[in-house]
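# Coordinate analysis (summary)
Here's the letter readout for the chains.
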Amino acid sequence: MLLKADGLCKSFGGKDVLKGVSLEANPGEIISIIGKSGAGKTTVLRCIMGLETCDKGTILIDGKYLCMEENGTMVRATKKELYEIRKSLGMVFQNYHLFPHLTVLENVTLALTEVYKMSKEEADKKAIKILERLDMGDKLNNKPFELSGGQKQRVAIARSCVTNPKLLCFDEPTAALDSALVMDIVKIIRDLAKDGMGILIISHDEKFVRDVSDRIVVIENGVITADMNSEEYSKIMRA
């Protein structure tokens, strides 16, 4: 098992946003979490990524505890443990978060050279390989402002994948893309999963979710109300 989240609770300003959410994911599995705005889906993702701390519950990622309850007290990963856990995680943000002053290649190699202390030559080689796989090999020296929305998405995916995460998370990956580009993202995500990468997606795009997912999790008011495979979900939506 790649991810196990059990009994996650989180409140903001006295308002309960997550009320005991539990979720599991395996290597090579594509899971989408859907729900209305404010349902809690993004908070689940942020807790799993370590961007938010849950008030209660356990998160186990690739055999390492991000947090757990022990004798009624929350125990969280140390700074060193968190650093190791984050090596297993990748995140593609809704607005891409590319550095505007850096080229495509520099955006993708930054973590390799600054965090993993890889040589520029080795980092460039690794980044070029994945950018070429994503049909971005001819855009290495372009700046983000010179790219389309779909191209920016590919660069963001390359930047997250270049560190070989075991779990890759997407926040609304199709929000700014037209239907043709959405199908490109479906193919890219499926190819990543075939390589054994676990994929966790937050989306409101039900067609995209049905096309790409192995499992679909529905969250309402901070509670998971359904967890089913995509075929079961499609039958319900057609009924």
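Here the structure is shown first, and the text comes after it.
These notes cover the structure that comes with them. (Residues numbered from 1 in each chain as written. Predicted model: local features only at pLDDT ≥ 70, side-chain atom pairs only at ≥ 80, totals over all residues. Heavy atoms only, no water.)

Secondary structure summary: the protein chain contains 8 helices and 11 strands in total. Against the 2.2 N^0.38 benchmark of 18 Å for 239 residues, the protein chain shows a C-alpha radius of gyration of 18 Å, consistent with a compact globule. By its C-alpha atoms, the protein chain is 50 × 50 × 35 Å across when sized along the principal axes. Per-residue burial over the protein chain gives 48% buried out of 239 residues. Looking at the protein chain alone, contacts between residues at least 24 apart form 64% of all its contacts between residues at least 6 apart. Of the roughly 12,100 Å² of accessible surface on the protein chain, a fraction of 49% belongs to carbon and sulfur atoms. (Helix = DSSP H or I, 4+ residues; strand = E, 2+ residues; numbered from the N terminus. Rg over C-alpha atoms; globule rule 2.2 N^0.38 Å. Buried < 20%, exposed > 50% of the residue type's maximum accessible area, 1.4 Å probe, protein only. Contact = heavy atoms within 4.5 Å. Areas by Shrake-Rupley, 256 points an atom, 1.4 Å probe, with all protein chains shown as cover.)

Ordered by their spatial adjacency, 6 strands build an open sheet running β7-β8-β9-β3-β10-β11, and the pairing between neighbours is mixed. The open sheet has two edge strands with one neighbour each: β7 (89-92) and β11 (223-229). Within the sheet, the average angular offset between the axes of one strand and its neighbour, ignoring direction, is 20°. As paired strands, β7 and strand β8 (residues 167-171) are joined by 4 bridges and run parallel to one another. Looking across to β8, one finds that V92 is bridged to F170. Of the strands in this sheet, β3 (30-34), β10 (215-220) and β11 touch helix α8 (residues 230-238), which is tilted by about 105° from β11. (Pairing = 2+ DSSP bridges. Axes fitted to C-alpha atoms, helices over the stretch in contact; angles between N-to-C directions.)

Among the residues of helix α3 (residues 104-114), V104, L105, N107, V108, T109 and L112 are the ones counted as buried. Considering only its buried residues, α3 is in contact with α4 (120-133) and α5 (149-161).

The next thing to look at is unusual backbone geometry. The backbone of H97 shows a phi angle near 55°, a positive value even though the residue is not glycine. The residue H97 is located in the loop between β7 and α3 in this model. One non-glycine residue with positive phi stands out, namely N164, at about 60°. Looking at the element boundaries, N164 is found in the loop between α5 and β8. The exposed category is assigned to N164, whose relative accessible area is 51%.

Grouped together as the largest cluster of nonpolar side chains are 45 residues, with contacts concentrated most on I157, I189, I199 and F208. The element contributing the most residues to this core is helix α6 (residues 179-194), with 7 residues. Setting aside its immediate chain neighbours within four residues, I157 contacts V92, L134, F170, I185, I188 and L192. Core analysis: the next-biggest nonpolar cluster, separate from the first, contains 32 residues, V21, L89, C169 and I219 among them. (Core = buried A, V, L, I, M, F, W, Y, C linked by side-chain atoms within 4.5 Å.)

As a further point, take the packing of α3 against α5. Contact geometry for α3 and α5: axes closest at 8 Å, N-to-C directions at 25°. Viewed along their axes, α3 and α5 adopt a mutual orientation that is roughly parallel. Read as a crossing pair, α3 and α5 show a hand that is right-handed. Taking contact as the criterion, the partners of V104, N107 and V108 in α3 are, on α5, V155, A158 and R159. Residue composition of the contact of α3 with α5, by class: 4 nonpolar, 1 polar and 1 charged. (Parallel < 35°, antiparallel > 145°, perpendicular 65-115°, else oblique. Left-handed = near helix turned anticlockwise from the far one by under 90°. Nonpolar A, V, L, I, M, F, W, Y, C, P; charged D, E, K, R; others polar.)

Read across the sheet, 5 strands follow the order β2-β1-β4-β5-β6 without closing on themselves; strand pairing throughout is antiparallel. Each end of this open sheet is capped by a strand with a single partner; those strands are β2 (15-25) and β6 (73-76). Averaged over all adjacent pairs, the angle separating strand axes in this sheet is 20°, with direction ignored. Across the sheet, helix α1 (residues 41-48) lies against β1 (3-12), β2, β4 (56-61) and β5 (64-70), angled at about 65° from β2, the strand it touches most. Seen against the sheet, helix α2 (residues 79-86) touches β4, β5 and β6 and runs at an angle of roughly 130° to β5.

In this sheet, β2 lies alongside β1 in antiparallel orientation, the contact comprising 8 bridges. Across the sheet, C9 pairs through a bridge with K19, a residue of β2. Hairpin geometry of β1 and β2 is characterised by an intervening segment of 2 residues between the two adjacent antiparallel strands and by a positive phi of about 55° at G13. Looking at chain direction, β1 and β4 are connected through 5 bridges and run antiparallel. Within β4, the residue paired with K4 across the bridge is L60.

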